[in-house]
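Observations on the model geometry
Listed here are the chains, written in short residue letters.
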Amino acid sequence: MNNKFRIVLIIVIFAGGWILGSNNNVAPTITSSVGGASYSGGYQATDTDAKLTVGAVPLRETQGNVHIVKPGDSIQAAVEAAQPGDTIQVMPGIYSETVYIDKDDIHLVGVIQNGARATMDGLGKLNDAILYSGNNIIIENFRITKYKGNGIMGQAGNNFEIRNNVIVDTGIYGIFPQLGTNGLIEHNVVSGIEDAAIYIGMSDNIHVAYNEVFDSVAGIEIENSRHAIVEYNNAHHNTGGILAFVTPGLPIKTTEDVIIRNNFVSDNNTPNFGAPGSIVSGIPAGTGILVMAADDVIIEGNIISNHKTAGIIINDHSFATTITMDIESDPNSDRTMILDNVMLNNGYDTIPEVMAVALTELHTGLVDIVHVGPSNGSCIINRHRYRTVGIGSYGECDFTNTDSIDSYLLAGGAEPRVIHPSERGEIAYLGVCSGCHSYTGRLIGPSVEVIQAMYAGNPEGLVEYINAPIKKRDNFPPMPAQNYLDAETQMAVATYMLALEK
Ligand code: HEC
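This structure is a prediction, so every number in the text was calculated from the model and none was measured.

**Quick notes on the overall build of the chain**
Looking only at helices and strands, one finds 7 helices and 34 strands in the chain. Taken over C-alpha atoms, the radius of gyration comes to 24 Å for the chain, in line with the 23 Å a tight globule of 502 residues would show. Expressed along its principal axes, the backbone C-alpha trace of the chain runs to roughly 80 × 55 × 40 Å. Classification of the 502 residues of the chain by burial places 50% in the buried group. For the chain, restricting intrachain contacts to residue pairs at least 6 apart in sequence, the fraction spanning at least 24 positions comes to 58%.

Spelled out as structure tokens, the structure:
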């Protein structure tokens, strides 16, 4: 070591000791999280949709018919025969098919007998297990495995309940409701998913509770969504445990009002195996909770342990190198509120980006909480408990809990969404394509801008491609065929995609 460097190092150590020493002399502000003020912000229910905690699908006044599906039968045939209000009971056995529910008020229920479940097996060939676009849909008790695309995906249906399903190794998304209002996702076990085990996209008034998510890239993801509560889940052995963020380039630009509370978040150190270019491929392994460009996120009562990068990372879009910026999305995370959490052994082998911020504060060693980038109006209580980096601008929160908020679900349900024929292209685009294609940047697939340049004036050519996609780009995964969409919808979505403006 040359002398100059040694002197600098001594000064740094001295300065560090002095700063740490002076901090140690300040008595910490200790706030009891029991009995204090409760959060008064968040979703404000109107008289007609006063909050409730039981379910998202309104109770039926009359029970419809029950359709029984046995091994050898087709679940899709039963869906086609069913009327709104009917229940479809699927007996234990193996079913290899894609089920598409495009009517309202269908309960699709797997029957569990002596532990044996109705199992949907995609055989490593089929893309999606269950797709729904109706309102008031309940899907419960299935085992779903070996699909390439989605386990359960919702497209623009309101009032949904997805409950007690076991989803193993199903490709890109495990449970993926998109563009829905008022939904409950509870008691599911989801593992081995290449992107997100539970992925809430562009939705409102969502409750995600009592799920176990593991061995996936992202455990639970709240993306471009508002008024969501994520509680009592166990997120472990993913790359990142629980995420709330904004993906730029989507039609809905914000993620806000998210409460992440009382979850177990541990050992999310799995090396990232997300598709190259996808947003989640930028998540550093060893992330407990990640807040990126999301506003009004409360983190309370979680047990967050054993993450090599950090327990909680709050950042802006510049942190994620895989993201293309969108001038319409505010890239910062504002008003992050960190209440009491138990944090153990986080940040023991962190990444250079976190180390760089730590260095400016002469912080060495473990990192429970790190904030990278600007932030307005953020707060924390009992900050002295954690090893923190980058939260100098955080004030003291003037509340200590969220006890006054049980749920953001809507009593009586949200108005069913009615899809007019003229909206077909838009809904299919938002519901299906935008999961993988954004306007400007690369997601799972190339950007819409790139596609528009290739297919300008040629929607027929685009339809041909999506019916039977051929592998074109070395650095992208193959695109799943969209041939389950009827011809009219395919043409509508092609026309919509080609006409889309930023
Ligand atoms: C699960 C992710 C996924 C979904 C959903 C998806 N795509 Fe793709 N798409 C891709 C990927 C990946 C590629 C690049 C494939 C390649 O180059 O081999 C691609 C490529 C394309 C292309 C470029 C074709 C070419 O000639 O290069 C078009 C057009 C396209 N997608 C349209 C659509 C439309 C329309 C939808 C919705 C109905 C859609 N995609 C849904 C992943 C997806």
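Having seen it, we continue.
**Some remarks on the pairing of strand β25 (residues 287-292)**
Taken across its 6 residues, β25 has 6 buried, putting it largely inside the fold. Relative to β25, strand β22 (residues 240-245) runs parallel, the two being bridged by 5 bridges. Bridging from a neighbouring strand, Gly-240 pairs with Thr-287 of β25. With 5 bridges joining them, β25 and strand β28 (residues 310-315) adopt parallel strand pairing. The partner of Val-291 across the bridge, within β28, is Ile-314.

**As for the domain arrangement of the chain**
Looking at the assigned domains, one finds that the chain contains domain 1 (66-396) and domain 2 (421-499). For domain 1 and domain 2, the distance between their C-alpha centroids amounts to 24 Å. Of the residues belonging to the side of domain 1 that touches domain 2, the class tally is 11 nonpolar, 12 polar and 2 charged.

**Re the sheet that holds strand β27 (residues 303-307)**
Hydrogen bonds between backbone atoms are what pair the strands of a sheet, whose relative direction is either parallel or antiparallel. The sheet built from 10 strands is open, its strands ordered β3-β6-β9-β12-β15-β18-β21-β24-β27-β30 with parallel pairing. Across the chains shown, the open sheet's two edge strands, defined by having one partner strand only, are β3 (93-95) and β30 (342-346). In this sheet, adjacent strand axes meet at a mean angle of 10° when their direction is disregarded. With 3 bridges connecting them, strand β18 (residues 212-214) and strand β21 (residues 234-236) associate as parallel partners. Looking at β21, one finds that Glu-212 is bridged to Asn-234.

**Details of the nonpolar core**
If you look at the biggest cluster of nonpolar residues, it comprises 127 residues, and the most contacted ones within it are Ile-198 and Ile-260. Sorting elements by how many residues they give to this core places strand β16 (residues 196-201) first, with 5 residues. Of the domains in this structure, domain 1 (66-396) and domain 2 (421-499) are the two that each give at least three residues to this core. Discounting residues that sit within four places of it in the chain, Ile-260 has contacts with Val-230, Ile-242, Ala-244, Ile-289, Val-297, Ile-298, Ile-299 and Asn-302.

**Let's talk about the packing of helix α4 (residues 424-431) against helix α7 (residues 487-499)**
At their nearest, the axes of α4 and α7 sit 7 Å apart, and the two run at 80° to each other. With respect to α7, the axis of α4 lies roughly perpendicular. On α7, the residues touching Arg-424, Gly-425, Glu-426, Ala-428 and Tyr-429 of α4 are Thr-489, Ala-492, Val-493, Thr-495, Tyr-496 and Met-497. Broken down by class, the residue content of the contact of α4 with α7 amounts to 6 nonpolar, 3 polar and 2 charged.

**Re the sheet that holds β22**
Read from one edge to the other, the open sheet built from 11 strands follows the order β4-β7-β10-β13-β16-β19-β22-β25-β28-β31-β33, with strand pairing classed as parallel. The open sheet has two edge strands with one neighbour each: β4 (99-101) and β33 (388-389). Sheet topology places strand β13 (residues 173-178) next to β16; 3 bridges connect them, and they run parallel. Bridging across to β16, Gln-178 finds its partner in Gly-201.

**Let's talk about the pairing of strand β23 (residues 256-261)**
For β23, the tally of buried residues reaches 6 of 6 residues, placing the bulk of the element in the interior. Note that strand β20 (residues 226-231) and β23 share 5 bridges and pair parallel. Paired with Ile-229 across the bridge in β23 is Ile-259. Strand direction decides the pairing type here: β23 and strand β26 (residues 295-300), joined by 5 bridges, are parallel. Looking at the pairing, Arg-261 lines up with Glu-300 of β26.

**What to know about the site of the ligand**
Close contacts around the ligand come from 28 residues, with Cys-433, Cys-436, Gly-445, Arg-473 and Met-479 the closest. Contributing elements (two or more residues each) for the shell around the ligand: α5 (448-455), α6 (459-467) and α7. Tallied by class, the residues present in the shell around the ligand amount to 20 nonpolar, 5 polar and 3 charged.

**Details of the confidence of the model for the chain**
Of all residues in the chain, 91% attain a pLDDT of 70 or more, and the chain-wide mean is 89. This model gives residues 1-22 a pLDDT under 50, and the stretch forms 5 contacts once residues within four places in sequence are excluded.

**Topic: α7**
The first and last C-alpha atoms of α7 sit 18 Å apart over 13 residues, in line with the 18 Å expected at 1.5 Å per residue. Listed in full, the buried residues belonging to α7 are Gln-490, Ala-492, Val-493, Ala-494 and Met-497.

**Overview of the environment of Gly-390**
Its place among the elements puts Gly-390 in the loop between β33 and β34 (395-396). Spatially, the C-alpha atom of Gly-390 lies 48 Å from that of Arg-117, the residues being 273 residues apart in sequence. In this view, Gly-390 contacts Val-357, Val-370, His-371 and Val-372; residues no more than four positions away in its chain are not counted.

**Focus: unusual backbone geometry**
Located in the positive-phi region is Asp-169, a residue other than glycine, with phi close to 55°. With 18 C-beta atoms packed within 10 Å, Asp-169 lands in the partly exposed category. Non-glycine residue Met-202 carries a positive phi angle of around 50°. In this fold, Met-202 is placed in the loop between β16 and β17 (204-209).

**A word on the environment of Asn-382**
Structurally, the position occupied by Asn-382 is in the loop between β32 (379-380) and β33. Linking Asn-382 and Asp-340, residues 42 residues apart in sequence, is a C-alpha distance of 7.1 Å. Each residue touching Asn-382, except ones within four places of it in the same chain, is listed here: Ile-30, Thr-31 and Asp-340.

Definitions and limits used
- Residues numbered from 1 in each chain as written.
- Predicted model: local features only at pLDDT ≥ 70, side-chain atom pairs only at ≥ 80, totals over all residues.
- Helix = DSSP H or I, 4+ residues; strand = E, 2+ residues; numbered from the N terminus.
- Rg over C-alpha atoms; globule rule 2.2 N^0.38 Å.
- Buried ≥ 20, exposed ≤ 12 C-beta atoms within 10 Å, placed from the backbone.
- Contact = placed C-beta atoms within 7 Å.
- Pairing = 2+ DSSP bridges.
- Domains from an automatic or database assignment.
- Nonpolar A, V, L, I, M, F, W, Y, C, P; charged D, E, K, R; others polar.
- Axes fitted to C-alpha atoms, helices over the stretch in contact; angles between N-to-C directions.
- Core = buried A, V, L, I, M, F, W, Y, C linked by C-beta atoms within 7 Å.
- Parallel < 35°, antiparallel > 145°, perpendicular 65-115°, else oblique.
- Near = placed C-beta within 6 Å.
- pLDDT = per-residue confidence, 0-100.
- Expected span 1.5 Å × (residues − 1).

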